[in-house]
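What the coordinates show
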Amino acid sequence: MSRLVRKGLAAAAPVALALAGGVLALPGGASAAPLDYKPVTDQRLANPEPENWLQYRGNYQGWGYTPLDQITAKNVTRLVPAWSLSTGVSEGHQAPPIVNNGVMFVSTPQAQVLAINARTGEVLWRYQKELPPELSQLHPTNRGVGLYGDSVFVTTTDACVIALGATTGKVKWEKCVAPWKDGYYMTLSPLVAKGKVVVGVSGGEYGIRGFITALNAETGDEAWKTYTVAGPGDPAADTWKGDSWKVGGGSVWIQGSYDPATNLAYYGTGNGGPWTPDARPGDNLYTSSVVALDLDSGAIKGHHQYHWNDAWDWDEVSAPILIDIERGGRTIPAAIHAGRNGYLWTLERTKEGPLTFVEGKPFVYQNVFASLDPKTGRPTYNQEKIPGINRRAAFCPGLWGGKDWPPEAYNPKTGLFYIPSNDNLCSELAGTQAGLRKPGELYIGIPIDEVLNSLRLRDGVDKSKPFAIGAIQAWDPKTGKRVWTHDFQDTAMWGPLLTTGSGLIFAGGTSDRKFRAFDGTTGKMVWETRLNSGVTGVPSSYMIDGVQYIAVQAGWGVDADRMLNGLNAVLPEERRVSVAPQGGVIWVFRVMGEEATAQ
Amino acid sequence: MDQRGKRAGGVDRRSVVAGAVACCATGRAAWAGPEDALPQKGDRLVLGDGAQAGQAVTLASLAEEGTLVEAVAVDPAGIKRDGSRFSKIILVRVAPGDIAEEIRPHTVEGVVALSGVCTHQGCTISGWNHEDRKLSCFCHHSEFLPAEGGRVAKGPARKRLPVLPLARGEGGALMVAGSFTSKPGPGTA
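Residues numbered from 1 in each chain as written. Chains lettered and ligands numbered in written order. Predicted model: local features only at pLDDT ≥ 70, side-chain atom pairs only at ≥ 80, totals over all residues.

On a plain count of helices and strands, chain A comes out with 3 helices and 42 strands. Taking 25 Å as the expected radius of gyration for a compact globule of 599 residues, we find that chain A reaches 23 Å, a close match to that expectation. C-alpha atoms of chain A, sized along the principal axes, occupy 70 × 55 × 50 Å. The proportion of buried residues among the 599 residues of chain A is 59%. A sequence separation of at least 24 residues applies to 64% of the contacts in chain A between residues at least 6 apart. (Helix = DSSP H or I, 4+ residues; strand = E, 2+ residues; numbered from the N terminus. Rg over C-alpha atoms; globule rule 2.2 N^0.38 Å. Buried ≥ 20, exposed ≤ 12 C-beta atoms within 10 Å, placed from the backbone. Contact = placed C-beta atoms within 7 Å.)

Moving on: helix α3 (residues 558–570) of chain A. Residues and elements named next belong to chain A. With 13 residues, α3 extends 19 Å from end C-alpha to end C-alpha; this agrees with the ideal 18 Å at 1.5 Å per step. Turning to α3, its buried residues number three or more, namely Val558, Asp559, Ala560, Asp561, Arg562, Met563, Leu564, Gly566 and Leu567. Elements in contact with the buried residues of α3: β5 (92–93), β10 (141–142) and β33 (455–457). (Expected span 1.5 Å × (residues − 1).)

The subject of this paragraph is the UniProt feature "domain: Rieske" (unreviewed entry) in chain B. Following the UniProt record, one finds the feature "domain: Rieske" (unreviewed entry) at residues 111–175 of chain B. In this annotation, residues 111–175 of chain B is assigned 0% helix and 40% strand; the end-to-end C-alpha distance for the span is 12 Å. (UniProt positions renumbered as here; feature names shortened; annotations may be inferred.)

All names here are of chain A. Sites flagged by UniProt as "domain: Pyrrolo-quinoline quinone repeat" (unreviewed entry) map to residues 53–362 and 494–550. Overall, residues 53–362 shows 0% helix and 40% strand. The separation of its end C-alpha atoms is 32 Å. For residues 494–550, the end-to-end C-alpha separation is 18 Å, with 0% helix and 49% strand making up the annotated structure.

Core analysis: the biggest nonpolar cluster contains 215 residues, and Ile505(A) and Leu91(B) have the highest contact counts within it. Ranked by residues supplied to this core, first place goes to strand β42 (residues 585–591) of chain A with 6 residues. The contact partners of Ile505(A), leaving out residues within four places of it in the chain, are Tyr418(A), Ile472(A), Leu497(A), Leu498(A), Thr499(A), Ala517(A), Phe518(A) and Gly520(A). (Core = buried A, V, L, I, M, F, W, Y, C linked by C-beta atoms within 7 Å.)

Moving on, we come to the pairing of strand β17 (residues 211–216) of chain A. All names here are of chain A. In terms of residue burial, β17 counts as a mostly covered element, since 5 of its 6 residues are buried. Judged from the 5 bridges that link them, strand β16 (residues 196–200) and β17 form a sheet pairing that is antiparallel. The partner of Lys196 across the bridge, within β17, is Asn216. The pairing of β17 with strand β18 (residues 222–227) spans 5 bridges and is antiparallel. Counterpart to Thr213 in the pairing with β18 is Lys225. The turn joining β17 and β18, which pair antiparallel and follow one another in sequence, is formed by 5 residues; a positive phi near 85° is taken by Gly220. (Pairing = 2+ DSSP bridges.)

Residues and elements named next belong to chain A. Judged by pairing direction, the sheet is antiparallel, and its 3 strands sit side by side in the order β29-β32-β33 without closing on themselves. Strands at the two margins of the open sheet, each flanked by one partner only, are β29 (392–395) and β33. Between one strand axis and the next, the sheet turns through 30° on average, direction left out of account. In terms of strand pairing, β29 meets strand β32 (residues 425–430) through 4 bridges, oriented antiparallel. In the strand pairing of β32, Arg392 is matched with Ala430. (Axes fitted to C-alpha atoms, helices over the stretch in contact; angles between N-to-C directions.)

All names here are of chain A. With an omega of -10°, the peptide bond between Gly273 and Pro274 qualifies as cis. A cis amide bond, omega 5°, links Leu285 with the succeeding residue Tyr286. Checked against the element boundaries, Tyr286 lands in the loop between β20 (264–268) and β21 (289–294). We note that Lys194 has phi near 50°; this positive angle belongs to a residue other than glycine. With respect to the helices and strands, the residue Lys194 is situated in the loop between β15 (191–193) and β16. You can call Lys194 partly exposed: it has 16 C-beta atoms within 10 Å.

For the rest of this paragraph, the subject is the environment of Val111(B). All names here are of chain B. With respect to the secondary-structure elements, Val111 resides in strand β5 (residues 111–115). By the C-beta count within 10 Å, which is 23 here, Val111 ends up buried. Once the C-alpha coordinates of Val111 and Ala37 are considered, the two residues, 74 residues apart in sequence, prove to be 23 Å apart. Setting aside its immediate chain neighbours within four residues, Val111 contacts Leu59, Leu62, Leu91, Arg93, Leu166 and Leu174.

Listed below in structure tokens is the structure:
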């Protein structure tokens, strides 16, 4: 166990962030007892202690669930800030505060990682990579760090992975997995297991060929690399024609879920590129899919394509949540995913890898799928809803889909699956020939004005009065039925979900900058507060000295802001959110009262 | 402590050069080749895209209002200044009377040249709505007004697009008459 020295470092005093023999040195800095750093092991990641939040969604299965139950529907009204910390940067702050034994690690846009005393908010160290000056950032964000041993792993928008010493913030190694000048970048948190750091690349809008790669956690050396776009030699190569696979997209936006028992990792994949489907005839495996990878070799052991030959920019961003469900009198090891295509997918996992279709149901209005094959789940399309080269079409849900990247959650106590969704929004697009690809330049085959002006309201929506767009939905995986919906009026929902052992849900995501708690059984809102900026960060929870904390980053930006631009173009002026302030702040809440005396 | 990152395996030459040009709009680092330097007075402009790429940009290239032209500066020795993204140039043509007085000397018959790199997150500017006289960026939807010297019409960008002064050369060819009016690339006002 390493010792991590904390000193009274003022968060807003960058001058104090000077190297001095590897130890935090601040004139007059009060010393305190060193924090013990507990190395992160495979066993701990597979069975995380309730008081810690060791990875993106808390556990390998992707639940977004904390067993902690001190904060309840009764006392949540006394939830107040324990501390807060400005990150010093703007843009989309999407990463969860990751907590290990009292030490919090937070990644932010602009390749920054902060280590913080999770009880007091004192900054222990700060790392920031100097990104290439000429780098263009389509998604200036980061979705969290990975922990393993005494290391902290973070990806960067110049397509590199950096290993930092957890107690020092010093760089152990750096590995760039692809050339940023060719349009590759990364925003996802690493999946760490069995000595491997597994990441994937984005860049589908620049004509890259997506892949997932595993690096040795000790050295950064590549262990394997698996393309999400099938090329020559892959059994699915014939789902691409000509050389279209070379620029086929298939971005990997989000950390995979993982089943240690089968050693299979499950990743969602992005749409094919360019966006126009007629530029790449065929099913285009493994885009808009879930792939099951053997963690040791990277071999694709199974896949399910949610929809083929995408035409709607429907990345199937999220990894599925892994749970066992009861269906038809038997237990099904399920992989459940709320798709950007607006369908809630239930698949059955197998030990060997293949995934079988169980059920697909729309959770928002969807007018593209004409039917689903009852055996395979393969959709047929309404032809008039397919945009293409010189072909205009309107479709629902729109470009950002029924659910974009913000992760769903599963609560084993309520037994419910929660979805942050967006409804009543559609898009209209017409494409052109993408032309010659230029490395690092946009390559989508859709004129920019088309994209910027693509948002439409669903036919029949009366915009003269407030109408529902964003929502949190609760579904029962056992029955495949929706249990409740909590709608938000005139605002989209970009809030990742956290659910707790006391049956609460925490989420931000609306353009009014509010962070809220809901009763997970009924959907009733039980607490809300307005923060400095809109909340698109993944909330997490942890406990120190008997006190439960809720932590989240506020910091509006990226796609939430893009969609707000679109909404402002269609909403009446008096109902627009014309100012959506940016600027990152880490917020940590606790209940004031007798529970707090444990400190 | 502040652990400013360093690239593994050392710093490649292009990164050094990029850093150099990023800090000095007018100059070129001693170790950089002309291809890495930003456009300079005396350079000529050639078309950077399309079937006629490499041909001289002339007033005729922008005869029709509503066209956005991507251009590359070429130094007197014939070397293209395309080593840095910050050398990207876009040209649009607007009614001369609409051009703000302070930038009018930098324009030729309504043609305005600007940096082609968004000042927000460095994406390439490629949208031009001639009706609204606005340039737009796909990445985060910032908008700029070329006739007003690249002023921000809508954020998230906060810094105007730098203008590249133009002069008329022989046969209506467009020439570079000076350095960008400010540092190209991301930044704040």
